[in-house]
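So the chains spell out like this:
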Amino acid sequence: MATRLPATDVVIVGMGAAGGVAALPLVDAGLEVIGLEAGTWLTARDFAPDEIRNNVRSWPMAVQKANLEVPTVRANPNSSTSRPGSHPMMNAVGGTTLHYWAQAWRLNPWDFKVVSDTTRRYGSTRLPEGTTVEDWPFGYDELEPYYDRVEHEIGVSGQAGNVDGQIDSRGNRFEGPRKRAFPMPPLRWTAFHERMADAARGLGWNPFPGPATINTEAYDGRGGCVYHGFCNTGGCHVNAKAGPHTTTIPRALETGRLTVVTRAHVVGIDTDRDGRATGVRYVVGTEEFVQPAQVVLLASYTYENVRLLLMSTSQVYPNGFANNGGQVGRHYFSHHQGAPVSALFPFDTGAWYGLPAQGVAIDDFADDNFDHSGLDFIGGGNLWAMSDRRPISAANGGTFGRSPGWGSEWKRWINQNADRSHSSYNQKTTLPYETNYLDLDPVERDPLGYPVLRITAQYKQNELAIAEFTQDRMEEWYHAAGAIEIARGGLGNTMGVSTHAYGGTRMGDDRETNVVDRYGFAHEAPNLGVLGGSVMGTSGARNPTLTVQALAWRTAEHLANNWRSIVGQ
Amino acid sequence: MADDQRPVISRRDLLKGVGAAGAAAILPPAISKASAQAPGVPAVPAPAARASLASVPRSRRLENLTADEADVIEAIMARLIPSDEMGPGAVEAGALNFLDRALGGFLAEEREEYRDNLAALDRYCRMSRGAPFVELSPVDQDSVLIDLEGGSATGSGAGFTGSSGAFFGMLKSHTWQGTFGDPYYGGNADFIGWDLIRYPGVRLGVSQADQERLEAGELQPNRRSAYDYEMFEKATALRSSQRGATHGD
C-alpha cells in the first residue's frame, strides 16, 4: 500500500542540474517545494582522483538508478537493437554536474532561429530533408537575463566577447550580446594552449578560452580551480566546480521551504479527470509513496523525462501523460560530438593536470558564423582544443602507425609519446528529424519491471557533412600548430546513449508539434512543467547545461509569478 | 573460501598503520617490518619510506586464479609490457595481482571468461605450436599473441568463447589497468607504470609554477596513490550485478 503524504505546492522530480536550480526561485517566492532525488548526497571525500574507479569503471554512487535503466538503441526501425552496459548520467543530489566537464556555454542567437535565419539568408530549400526543426518560441534576448542570473548564481568563469554589443576579441566575437562580463576570469591556458591559439590566429581564426562552471578565484565562499587533472568524470575535491549541490540547493534549504528526499525513485505522474497533474508516485527501497502537489516539475534527464511521461498512462492519457497529441518522444536528437581528429606532436603537451573545460575554442565555423552559400549543409561545429590526460587512457592511446600496440618497441614509444597526442572535441549542430524518436522498448525492462526507453535515431546527411567539414578545419589547425601525425575518426551513424540528449518534450507555441509551451508547461496539462534538454528544439554547437539551467530558472520564475493561474485558482 | 580465514587488510590500512598486528601475521617479513608502526604515525609516509615499502619483492598471493592460470597470464603480461633494457614491465608492476584481486570484485563477471579462454589458449598453443604457452620461446609466444589479437585463432577449434581478439583485448586492457592504474588496486608497484609514461603522480593541485616545471620536464614524480591523501574515502564503483564478488574494489 502506498503511503499518501501531505500535499505540497511544488514537487520537483530530480535534484540535478535543472531541478536543483528551479528550486531556488520557487522557495524565494514563498512556495513549499519537495525535491525528489533518486541518489544521495555525495561529498568531497568521495571524490578521490582515482582513474580506475571514476573513468574505467563507474562513478561512486550509493544509488544506481540510471545505470539500471539504460535505453536501448537502434539506428532505424529496420536495424538491430542493442543496449549499452552503462549510462553516462548519474544519480545524486546535484546530478551529473558532480562529475561533468562543466563547460558553460550560452547558445548563440542563430540557434534560436534556425528556420527563419536559414530561410532568409539561403532560402527554405536549404533546410535538410525530413527535419522537424522549428524556431524557438523566443529569441536569445529573452533568455539572456536568465543566462546572466545562472552565471552569477552558480559561478561561471570565462572571457566575454560581446558586452552590450561591444566586441572584445579576447572572447567569442560570435556570442550574443551579454549584459555584463563573466563573474570570474577564464581558466588558465598552458603553453600548449597558447601554441594552439597562436596557430589559429595565424589561420585568421578567432581563438578564445571557453566558459566553465568552475571557479577560477575565490567566489561565493568557494576557492578556485587547483588543476589536479581528474575533473573529467571526477568530482571536485575543493568544490571549485560548482553545481546546484554547492549553490542553489543549499541556499534553497536555508529558507526552510525546500525538502530534499533522497533515494526517491519516481515511478509515475498521477492525473485527475481533467488531465491535470495531481502529484507523483515514488518508491524508497520497497516502500511506495504518493506525493500530492499543486504543480509537478519534471526535472530528470531527457530520457527519464520522456520515459516517465510515457509510463504514466491513464484513462485521460492512454498513450502517456500529456501525450494525446502524440508528441512525447518526438523531435529527439543527441549532439554530434563524434568524428574526432587526433594529432601527434613532436613535444610534450603538458596535459597531465588539465581539465576538459580548459582549452581553446574556435567558433568561426559554428552555427551560421560563416557563409554557407557554397556548402551542402547548414550549421557547423565549435572546435575545442582542451587538456585532458590520465595515465591509463594515455597509455591506451593510439600509436599513429608508428609503433605496434605492445612489446618492447611499444614501451619505447609510450615512454616518449604518452603526453604528445591530442584529441579534438568538436560539437556540431544536430537537428531533429521525422524519423528519429524515443519510445518505450517492447522487451527490455528495469529492475522494477517498467520498460526502458528505446532510442531510434541516426545522424543524417547534414550532420555527416558538418562532421567532415569540421574535421578538415581541425586538421588544418593541428598542422598549423606543428602536428606530425593526424588520425581522423569515422563520421558517425547511430545516435547512441548521450549526455547531450535533446527533445522528446519540445517547447513551442504550436501544440500540434510541441509538448510544452514557451514557458515549459505542458500544453495538455498546464500544471506540469518540464525542465531539461528535453524541451530544447536545437542544440547549437556547444554544451547544453547552462541553457538548461537558464530555462529552468525561467520556468520556475514564471510559475512563481503566475501561481494562481497555473494552479487554477 | 580463502578470504574467510584471512583478515582483510588493504595496502592503505598498512600505510595508515591501522591493523598492523593483523598484517604482521600474513605478510612477508620485509613488508611487516616496514609497516609495523605504532598508531598515530603520519597518514602519508614520506616518499622514501613508501619507496622501501613498494619496492619489496612481491610474493604471489592468489585469491581467484589457479596457479596454472596465473602462470600463463603472467607469461602473457611479460610479453605485452616486457621487462627489458628500458626497465621493469607489467609483471614487476604486479598487473597479475591487480587482475587476480579484481576477479573477486569488479571483474567477478569475467572470471569464467578467463577460465574458458585460458583453456582455449592452452589447446591452441598445443595444436599450433606443440607446447603450452609458458614453454614456448618468446618469439613463438609473440606469434601466438599476434594470432590471438588479429582473431586468426578464433576459428581454430580451440574453443575461444568469442573471438580470440576479444579475449586478447580484455587481457590487454586489464594488463594496462594493472600497470598504469592507481597502486591502491594492487598493481603499478613501485610506480613502475607511471614512471614508464613519465606521469609525475597524483596531486591535489598544480600551481602555475608547477605547470611550468612540468612543461620544462622538471616536475619530479611524487609517488602517491590517491588514497595516500587522508581526505579521501574509498567509495566503490559497483556494477549492476556483481556476482561472486568478495572484494569491494
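Look up a bit, the structure's there.
Residues numbered from 1 in each chain as written. Chains lettered and ligands numbered in written order. Predicted model: local features only at pLDDT ≥ 70, side-chain atom pairs only at ≥ 80, totals over all residues.

Caption draft 1: Focus on the interface of chain A and chain B. Taken together, the 40 residues of chain A in the interface contact 42 residues of chain B. If you list the elements that add at least two residues to the side of chain A that touches chain B, you get α2 (51–57), α9 (391–395) and α10 (408–417) of chain A. (Contact = placed C-beta atoms within 7 Å. Helix = DSSP H or I, 4+ residues; strand = E, 2+ residues; numbered from the N terminus.)

Caption draft 2: Quick look at the packing of helix α6 (residues 67–80) of chain B against helix α8 (residues 95–102) of chain B. Residue and element names in this part refer to chain B. Put simply, α6 and α8 touch, their axes get as near as 10 Å, and they point 135 degrees apart. Put simply, α6 runs oblique to α8. The handedness of the crossing between α6 and α8 is right-handed. Judged by residue contacts, Ala70, Ile73, Glu74 and Met77 of α6 engage Ala95, Leu96, Leu99 and Asp100 from α8. (Axes fitted to C-alpha atoms, helices over the stretch in contact; angles between N-to-C directions. Parallel < 35°, antiparallel > 145°, perpendicular 65-115°, else oblique. Left-handed = near helix turned anticlockwise from the far one by under 90°.)

Caption draft 3: Representation of unusual backbone geometry in the model. All names here are of chain A. For Asn239, which is not glycine, the phi torsion reads 55 degrees and is therefore positive. Along the chain, the position of Asn239 falls in the loop between β7 (207–209) and α7 (248–254). On the neighbour-count criterion, Asn239 (19 C-beta atoms within 10 Å) is partly exposed. (Buried ≥ 20, exposed ≤ 12 C-beta atoms within 10 Å, placed from the backbone.)

Caption draft 4: Representation of the nonpolar core in the model. All names here are of chain A. Ile12, Ala22, Ala23, Val296 and Leu297 are the most contacted members of the largest nonpolar core, which has 206 residues in total. Among the elements that make up this core, the one with the highest residue count is helix α12 (residues 545–561) (eight residues). The contacts of Val296, once residues within four sequence positions are left out, are Val11, Ile269, Ala277, Gly279, Val280, Asn527 and Leu528. (Core = buried A, V, L, I, M, F, W, Y, C linked by C-beta atoms within 7 Å.)

Caption draft 5: How the structure looks around the pairing of strand β3 (residues 33–36) of chain A. Residue and element names in this part refer to chain A. Residue alternation in β3 divides its side chains into two sets, Val33 and Gly35 and Ile34 and Leu36, and both sets are buried. Two strands pair when backbone bridges link them, and strand β2 (residues 8–13) and β3 are joined in this way by four bridges, in the parallel orientation. Within the sheet, the bridge partner assigned to Val13 lies in β3 and is Leu36. Once the chain exits β2 it traverses helix α1 (residues 19–28) before rejoining the sheet at β3, and the crossover so formed is right-handed. Pairing between β3 and strand β8 (residues 258–261): four bridges, direction parallel. Within the sheet, the bridge partner assigned to Val33 lies in β8 and is Leu258. (Pairing = 2+ DSSP bridges. Right-handed = clockwise from strand over helix to strand, strands pointing away.)

Caption draft 6: Molecular detail of the pairing of strand β10 (residues 277–284) of chain A. Residue and element names in this part refer to chain A. Here strand β9 (residues 265–271) runs beside β10; their pairing, made up of six bridges, is antiparallel. Paired with Ile269 across the bridge in β10 is Val280. By the bridge criterion, six bridges tie β10 to strand β11 (residues 287–298) in an arrangement that is antiparallel. Among the inter-strand pairings, Tyr282 is bridged to a residue of β11, identified as Phe289.

Caption draft 7: Structural detail: the sheet that holds strand β4 (residues 72–74) of chain A. All names here are of chain A. Within the open sheet, the three strands sit side by side as β4-β19-β18. Their pairing is mixed. Sheet topology places β4 and β18 (437–445) at the edges, where each strand pairs with a single neighbour. The average angle at which neighbouring strand axes cross in this sheet is 35 degrees, direction not considered. Bridge count between β4 and strand β19 (residues 451–456): three bridges; the pairing is parallel. Looking at the pairing, Thr72 lines up with Arg454 of β19.

This is a description of form; function is not addressed.
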